[in-house]
Amino acid sequence: MDKNENAQKVVVNLKTTIFQDAEREDFIFEEVGSLVQMNNGLYLRFTEHQDNQAVANVTLKITDEHVQLTRQANGGHHSRMIFDKNKDHDTIYQTEYGPIKILVKTKELNYNYNEDIMNGKLGIDYELHSGGMIVGEYNLTLQFSA
């Protein structure tokens, strides 16, 4: 949880659908996290679990211009992706085998937030490219509520 005194406890529901090599894979998580309004952004932080084990710390920074997702996973995997419908973004995906250069192409970005009831929904459709080739297509749907 966040140590910031302005942090609000929220329940995070996340569904990620991955399309790679003509295969579809769905991941669904429900986690408890924290929500903080700071400066020009809304920060949503939570720890992702699989089989009752913490596997990654996730931070989403949501602004009017874009969404930044930072994921620090166990085993040395680290990524920071920027989702912006108006611009593609280069990033480095850090693995235990070394860094991989990735291009993030945002196809759709939808965000709604009701500050009065601390409830929001984020939808992102994006592609990842590496070496000039598409790595996969992704759909992320995230809902949070106090």
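For the structure itself, consult the block above.
What counts and how
- Residues numbered from 1 in each chain as written.
- Predicted model: local features only at pLDDT ≥ 70, side-chain atom pairs only at ≥ 80, totals over all residues.
- Heavy atoms only, no water.
- Helix = DSSP H or I, 4+ residues; strand = E, 2+ residues; numbered from the N terminus.
- Contact = heavy atoms within 4.5 Å.
- Phe/Tyr/Trp six-rings, centres within 6.5 Å; stacked < 30°, edge-to-face > 60°.
- Buried < 20%, exposed > 50% of the residue type's maximum accessible area, 1.4 Å probe, protein only.
- Salt bridge = Lys/Arg side-chain N within 4 Å of Asp/Glu carboxyl O.
- Core = buried A, V, L, I, M, F, W, Y, C linked by side-chain atoms within 4.5 Å.
- 1 Å grid on protein atoms, 1.4 Å probe; cavity = no way out; pocket = protein on both sides within 12 Å on 5 of 7 lines; lining within 4 Å.
- Points joined across faces, edges and corners; volume = space filled by probe spheres on them.
- Nonpolar A, V, L, I, M, F, W, Y, C, P; charged D, E, K, R; others polar.
- Polar contact = N/O pair within 3.5 Å; in protein donor to acceptor, adjacent residues only side chain to side chain.

## What to know about the side chain of Ser79
Alright, step 1. The residue Ser79 is located in strand S6 (residues 78-83) in this model.
Alright, step 2. Setting aside chain neighbours within four positions, we find Ser79 in contact with Leu69, Thr70, Arg71, Ile92 and Tyr93.

## Here we look at the packing of aromatic side chains
Alright, step 1. Under the counting rule described, the total for this entry stands at four aromatic pairs.
Alright, step 2. A ring pair is formed by Tyr111 and Tyr113, whose centres lie 6.5 Å apart and whose planes are at 10°; its orientation type is stacked.
Alright, step 3. For Tyr111, a relative accessible area of 30% corresponds to the partly exposed category.
Alright, step 4. Site record: aromatic cluster; members linked through ring pairs are Phe83, Tyr126 and Tyr138.

## Let's talk about the pattern of salt bridges
Alright, step 1. Throughout the structure, instances matching the rule amount to three salt bridges.
Alright, step 2. Between Arg24 and Asp26 there is a salt bridge whose closest N-O contact spans 3.2 Å.
Alright, step 3. On the accessibility criterion, Arg24 (51% relative accessible area) is exposed.
Alright, step 4. Asp26 sits in the partly exposed class, given a relative accessible area of 37%.

## Notes on the nonpolar core
Alright, step 1. Within the largest apolar cluster, 28 residues are counted, with the highest numbers of intra-cluster contacts made by Leu44 and Leu142.
Alright, step 2. Setting aside chain neighbours within four positions, we find Leu142 in contact with Val12, Asn13, Leu14, Leu44, Phe46, Leu60, Gly120, Lys121 and Leu122.

## Some words on unusual backbone geometry
Alright, step 1. Positive phi, close to 50°, is recorded for Asp21, a residue that is not glycine.
Alright, step 2. Tracing the backbone through its elements, the reader meets Asp21 in the loop between strand S1 (8-20) and strand S2 (23-38).
Alright, step 3. For Asp21, a relative accessible area of 73% gives the class exposed.
Alright, step 4. Even without a glycine there, the phi angle at Met118 is positive, about 50°.
Alright, step 5. When you line up the elements, Met118 lands in the loop between strand S8 (98-114) and strand S9 (119-130).

## Describing the layout of surface pockets
Alright, step 1. Size it by volume and the largest pocket reaches roughly 770 Å³.
Alright, step 2. Surrounding the largest pocket, 31 residues form its lining, Ile18, Arg71, Met81, Tyr126 and Tyr138 being those nearest its centre.
Alright, step 3. Looking at side-chain class alone, the lining of the largest pocket contains 20 nonpolar, seven polar and four charged residues.

## Brief notes about the side chain of Thr106
Alright, step 1. Considering the arrangement of structural elements, one finds Thr106 in strand S8.
Alright, step 2. Exposure remark for Thr106: the relative accessible area of 8% places this residue in the buried category.
Alright, step 3. Of note is the side chain of Thr106, whose polar atom sits 3.1 Å from the backbone nitrogen of Asp84.
Alright, step 4. In contact with Thr106, not counting residues within four places along its chain, are Ile82, Phe83, Asp84, Lys85, Asp88, Ile124, Asp125 and Tyr126.

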